[in-house]
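Each chain, written out:
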Amino acid sequence: MSPSRPARHPAWGIALVALIALAGLFYVKWSPYYDRAFTAAQTHSIGASILTGGQDAPPAPSLRAALDYAQAYGLAIWKALLLGLLLGSAIQTLLPPRWIERWLGRANGSSIMAGGLLSIPSMMCTCCAAPVITGLRRCRAAPGGTAAYWLGNTMLNPATLVFMGFVLGWHWAGLRLALGLAMVLGLGWALNRMGKADCAPAGGSAGPVPEADPAHFQPGRILRRWAQAFAGMALRLLPEYLILVLLLGAARAWLFPVLDFSIDNSLLWIVGAALVGTLFVIPTAGEVPIVQALLALGVGVGPAAALLVTLPPVSLPSLVMVSRAFRRSELAVLALGVIALGVLGGGLAVGLGFGR
């Protein structure tokens, strides 16, 4: 008797994931960012700072401040968040798990390179990419490759680098790119070194349905599993996400108590900015107008550079959203690594004379 072969994943499911990714990214990211690049080149601005809402300082902590920030932030990211949920749930139900294991499952440099390269056209903010991270880890992607994809979405975002060059100057874009590469490759390597050989997610999930059962590939069953995965992911991630965004929006005045020339290039301010930037949450490219406004108010280039490096890659909400996909020690290394590179970025900006 001939040995049984594993059932093949249906081609229509793979094509559907590709269609969602290409059409969704074109509508949500590529087309809008293409137009915004011309705006940045012509006006040297991409809008007001979401941190202050166009004012000189963040509003006092209140329910109104929380709701205003949540509204502004939600309007900026809801399409990308929906796309992230669709892709994250589709990855674990429509794609062959062996594909994920082949390209991102090895705890070595190849998974880090693959994750970093895949992140470049994705260009999502850290929270919108979190559902995709969950889907990848459930398909046994290595922690380092997954982290490289997660961090690369913001730090290697080509649109943000272009905005930065036109708005802040190309020396700022160069600093950001150099530290972004160090973050993606360095922290990806660190997490792969920490990861176990099987690269299982922190939650101990059994992973996707085995490919060897042909009954699981019936279209009706696949679509039901996709709908269930989407609903489960949304119900699990969105409530905690909304609560944390509201809390951070209300606490803006505490996290950023002064925004003027009194914030100089001392190490204390640089470290403080790196800590706050790692916790706070912003939409894609939101750090560019924030840093532009801070520099206009006289804030030192050291703290401004620290925020430029730490605001995009992680945040308190995104760390909570991926807490089931990584171990606590891995999340700690990610957060501490981002803070350290933020401090390094601040020191480099001062040492290279960015303020002169």
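Since we're looking at a predicted model, the values are computed, not measured. (Residues numbered from 1 in each chain as written. Predicted model: local features only at pLDDT ≥ 70, side-chain atom pairs only at ≥ 80, totals over all residues. Heavy atoms only, no water.)

1. Considering the nonpolar core
Then, number 1: Core analysis: the largest hydrophobic core is formed by 107 residues, its most contacted members being Y73, W150 and W172.
Then, number 2: Sort the elements by how many residues they give to this core and helix α2 (residues 63-94) lands first, with 12 residues.
Then, number 3: Dropping the residues within four chain positions of it, Y73 is found in contact with I50, C125, C127, Y241, V245, V281, I282 and P283. (Core = buried A, V, L, I, M, F, W, Y, C linked by side-chain atoms within 4.5 Å. Buried < 20%, exposed > 50% of the residue type's maximum accessible area, 1.4 Å probe, protein only. Helix = DSSP H or I, 4+ residues; strand = E, 2+ residues; numbered from the N terminus. Contact = heavy atoms within 4.5 Å.)

2. Comments concerning the environment of L255
Then, number 1: Note on placement: L255 falls in helix α10 (residues 252-255).
Then, number 2: Take L255: its relative accessible area is 23%, and that puts it in the partly exposed class.
Then, number 3: In the structure, L255 is positioned 24 residues away from L279 in sequence and 9.3 Å away in space, judged by C-alpha atoms.
Then, number 4: Once residues lying within four places of it in the same chain are set aside, the contact partners of L255 are L248, V276 and F280.

3. Notes on the packing of aromatic side chains
Then, number 1: On inspection of all chains with the given rule, the structure shows 9 aromatic pairs.
Then, number 2: Pairing Y34 with F38 gives two aromatic rings, centres 5.1 Å apart and planes at 75 degrees, and the pair type is edge-to-face. Residue Y34 and its partner F38 are located together in helix α1 (residues 11-43), separated by 4 residues, close to a single helical turn.
Then, number 3: Of the residues examined, F38 reaches a relative accessible area of 43% and is grouped as partly exposed.
Then, number 4: Here F256 and F280 contribute two aromatic rings whose centre-to-centre distance is 5.4 Å and whose plane-to-plane angle is 85 degrees, an arrangement assigned as edge-to-face. (Phe/Tyr/Trp six-rings, centres within 6.5 Å; stacked < 30°, edge-to-face > 60°.)

4. Thoughts on a nonpolar patch on the surface
Then, number 1: Taken together, M113, L117, I120, L177, L181 and L185 make up a surface patch of nonpolar side chains, about 500 Å² in accessible area.
Then, number 2: Every element with two or more residues in the nonpolar patch is listed here: α4 (109-122) and α8 (170-194).
Then, number 3: Locating L117 in the fold gives a position in helix α4. (Patch = residues over 30% accessible without salt bridge, like charges linked within 9 Å, V, L, I, M, F, W, Y side chains within 5 Å. Areas by Shrake-Rupley, 256 points an atom, 1.4 Å probe, with all protein chains shown as cover. Salt bridge = Lys/Arg side-chain N within 4 Å of Asp/Glu carboxyl O.)

5. Re helix α11 (residues 267-279)
Then, number 1: Taking 1.5 Å of rise per residue, 13 residues should cover 18 Å, and α11 covers 19 Å from first to last C-alpha, within 8% of that figure.
Then, number 2: Those residues of α11 that sit buried are I270, A273, A274, V276, G277 and T278.
Then, number 3: Where α11 is buried, its residues touch α10, α13 (301-310), α14 (316-321) and α15 (328-351). (Expected span 1.5 Å × (residues − 1).)

6. Quick word on unusual backbone geometry
Then, number 1: Even without a glycine there, the phi angle at H44 is positive, about 55 degrees.
Then, number 2: Within the element layout of this structure, H44 appears in the loop between α1 and α2.
Then, number 3: For M123, which is not a glycine, the phi torsion comes out positive at approximately 60 degrees.
Then, number 4: Positionally, M123 belongs in the loop between α4 and α5 (130-138).

7. Things to note about the environment of Y27
Then, number 1: Assignment of secondary structure puts Y27 in helix α1.
Then, number 2: Sequence spacing of Y27 and A305 is 278 residues, and the spatial spacing of their C-alpha atoms is 31 Å.
Then, number 3: Setting aside its immediate chain neighbours within four residues, Y27 contacts P32 and K79.
Then, number 4: Within the local environment of Y27, its side chain forms a polar contact with the side chain of K79, the two groups lying 3.4 Å apart. (Polar contact = N/O pair within 3.5 Å; in protein donor to acceptor, adjacent residues only side chain to side chain.)

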